[in-house]
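Commentary on secondary and tertiary structure
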Amino acid sequence: MKKINRLLLILLILALTLAVFGCTKNEPAPREQGTKEPIKITVAATPVPHAEILAQVKNDLAAKGFELEVIEFSEYVQPNLVVEAGDVDANFFQHKPYLDNFNEERGTNIVSVAAVHYEPLGLYPGKSNDLSNIPNGATIAVPNDTTNEARALLLLEANGIIKIKEGAGLTATKLDIVENPHNVEIVELEAAQVARVVKETDFVVLNGNYALEAGFNVQKDGLAKEEQDSQAAQTYANIICVKKGNEETEKTKALVEALKSDKVKQFIADTYEGAVVAID
């Protein structure tokens with residue numbers, strides 16, 4: 001009887017061993033360290049130069065475990081709305097005065113985390129190309145958003161075309177023009193539309209990104225531009241923005257570090273030849 005019980009015990013142990021082996025032998029091997037899924041960073045950007053600059057850091061971010069996805073927009077409103085809604089992690093297209101005005105008007109809570117570059121605003125030829133011989137009643141198309149219209153008017157003032165009321169500064173509108181010797185007509189258009197009327201107006205004032213998209217380079221084609229020591233140049237740096245509360249996230253820090261690299265500064269200098277200027 002003892003021999004039979006011992007035999008049964010051995011058979012039971014053997015059966016249990018086989019059962020355990022059978023349950024575990026087909027399980028996948030544990031993942032090796034370093035094979036975890038990359039963390040996705042989504043950024044809303046206008047195509048030129050912002051999306052082009054972001055493309056330069058895609059591989060650098062991938063090497064650090066991040067997958068960069070750039071969503072391109074051709075205007076200035078949606079990139080902020082998608083960040084505010086939490087659909088996108090960050091955006092890269094605007095300057096601080098535009099952001100401040102947008103937050104105030106829309107009740108959004110978007111903040112700047114880094115300044116990357118500056119795009120000089122330029123005055124370009126349309127039907128006319130000589131600032132020393134401006135036709136009486138000449139038309140000049142300018143961006144119609146609060147901050148960029150003021151920049152445009154300051155640029156026209158700096159070149160003797162108009163004079164703006166003292167103190168208007170970076171909030172100036174065409175209603176603040178106090179001297180207009182050439183009787184120029186200021187045509188206010190959404191920033192993305194200004195380049196489209198270049199053949200219909202005498203001159204146009206273009207934001208740097210839209211000038212590049214239209215094939216203009218402010219250094220080569222501009223009749224006048226904001227100088228680096230101007231009030232505008234000190235104010236209108238293009239910034240990386242996130243929703244308030246996300247300033248210190250792993251994604252934000254990685255994105256800022258990549259875009260502030262020497263590699264990006266060199267790319268900007270080599271590619272845009274002064275139409276875009278990197279900020280230290």
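Residues numbered from 1 in each chain as written. Predicted model: local features only at pLDDT ≥ 70, side-chain atom pairs only at ≥ 80, totals over all residues. Heavy atoms only, no water.

Across its full length, the protein carries 11 helices and 13 strands. A fraction of 76% describes how many contacts in the protein between residues 6 or more apart in sequence connect residues 24 or more apart. Entry remark: accessible area of the protein is about 14,900 Å², with carbon and sulfur atoms responsible for 51%. (Helix = DSSP H or I, 4+ residues; strand = E, 2+ residues; numbered from the N terminus. Contact = heavy atoms within 4.5 Å. Areas by Shrake-Rupley, 256 points an atom, 1.4 Å probe, with all protein chains shown as cover.)

Here F73 shows up in the loop between β2 (66-72) and α4 (78-84). With a relative accessible area of 18%, F73 lands in the buried category. A C-alpha to C-alpha distance of 9.6 Å links F73 and A51, two positions 22 residues apart in sequence. When neighbours within four sequence positions are excluded, F73 is seen to be in contact with A44, A45, T46, P47, Q78, P79 and V82. (Buried < 20%, exposed > 50% of the residue type's maximum accessible area, 1.4 Å probe, protein only.)

Take the pattern of salt bridges next. Considering all chains together, one arrives at 12 salt bridges under this definition. In this structure, K253 and E248 form a salt bridge, with 3.5 Å as the shortest nitrogen-oxygen distance. Overall, the relative accessible area of 46% leaves K253 in the partly exposed class. On the basis of relative accessible area, E248 is assigned to the exposed category, the value being 59%. (Salt bridge = Lys/Arg side-chain N within 4 Å of Asp/Glu carboxyl O.)

Take the packing of aromatic side chains next. Counting across every chain of the model gives seven aromatic pairs. Centre to centre, the rings of Y76 and Y210 are 5.3 Å apart; their planes meet at 25°, and the pair counts as stacked. Here Y76 is found in the loop between β2 and α4, whereas its partner Y210 is found in helix α7 (residues 208-213), with 134 residues between them in sequence. By relative accessible area, Y76 is classed as buried at 6%. Overall, the relative accessible area of 3% leaves Y210 in the buried class. (Phe/Tyr/Trp six-rings, centres within 6.5 Å; stacked < 30°, edge-to-face > 60°.)

Let's shift gears to helix α5 (residues 96-106). Quick reminder: α-helices carry 3.6 residues per turn. Residues three or four places apart thus point the same way. If you check which residues of α5 are buried, you get P97, Y98, L99, N101, F102 and N103. Two residues or fewer past α5, G107 is found with a positive phi of approximately 70°.

Sheet strands pair by backbone hydrogen bonding; their relative direction is either parallel or antiparallel. Ordered by their spatial adjacency, five strands build an open sheet running β9-β6-β10-β5-β11, and the pairing between neighbours is mixed. A single partner strand is all that each edge strand has here, and the edge strands are β9 (185-189) and β11 (224-225). Contacts from helix α6 (residues 146-158) reach β5 (122-125), β6 (139-143), β9, β10 (203-206) and β11 within the one sheet, and its direction differs from that of β6 by about 140°. (Pairing = 2+ DSSP bridges. Axes fitted to C-alpha atoms, helices over the stretch in contact; angles between N-to-C directions.)

What follows is about the sheet that holds strand β13 (residues 277-278). Pairing within the open sheet is mixed, and its six strands lie in the order β2-β1-β3-β12-β4-β13. Of all the strands in the sheet, the pair left with one neighbour each is β2 and β13. Sheet topology places strand β4 (residues 110-118) next to β13; two bridges connect them, and they run antiparallel. Its bridge partner being in β13, Y118 is matched across the sheet by V277.

Let's shift gears to unusual backbone geometry. Residues apart from glycine generally show negative phi values, whereas peptide bonds are mostly found in trans. With an omega of 0°, the peptide bond between V48 and P49 qualifies as cis. For P49, the location among the structural elements is in helix α2 (residues 47-55). For N183, which is not a glycine, the phi torsion comes out positive at approximately 55°. Counting through the fold element by element, N183 comes out in the loop between β8 (177-179) and β9. Positive phi is not limited to glycine here, since E273 has a value of about 50°. Position of E273 among the secondary structure elements: in the loop between α11 (262-272) and β13. Residue classification places E273 among the partly exposed positions, given a relative accessible area of 44%.

Looking at the protein, the pLDDT average stands at 89 and 87% of residues meet or exceed 70. pLDDT under 50 marks residues 16-33. Its contacts with residues more than four places away, or in other chains, come to two contacts. (pLDDT = per-residue confidence, 0-100.)

Attention now moves to the pairing of β10. Residue alternation in β10 divides its side chains into two sets, F203 and V205 and V204 and L206, and both sets are buried. Judged from the four bridges that link them, β5 and β10 form a sheet pairing that is antiparallel. Bridge assignment links Y124 to a residue of β10, and that residue is V204. Relative to β10, β6 runs parallel, the two sharing two bridges. The residue bridging A141 from the neighbouring strand is V204, located in β10.

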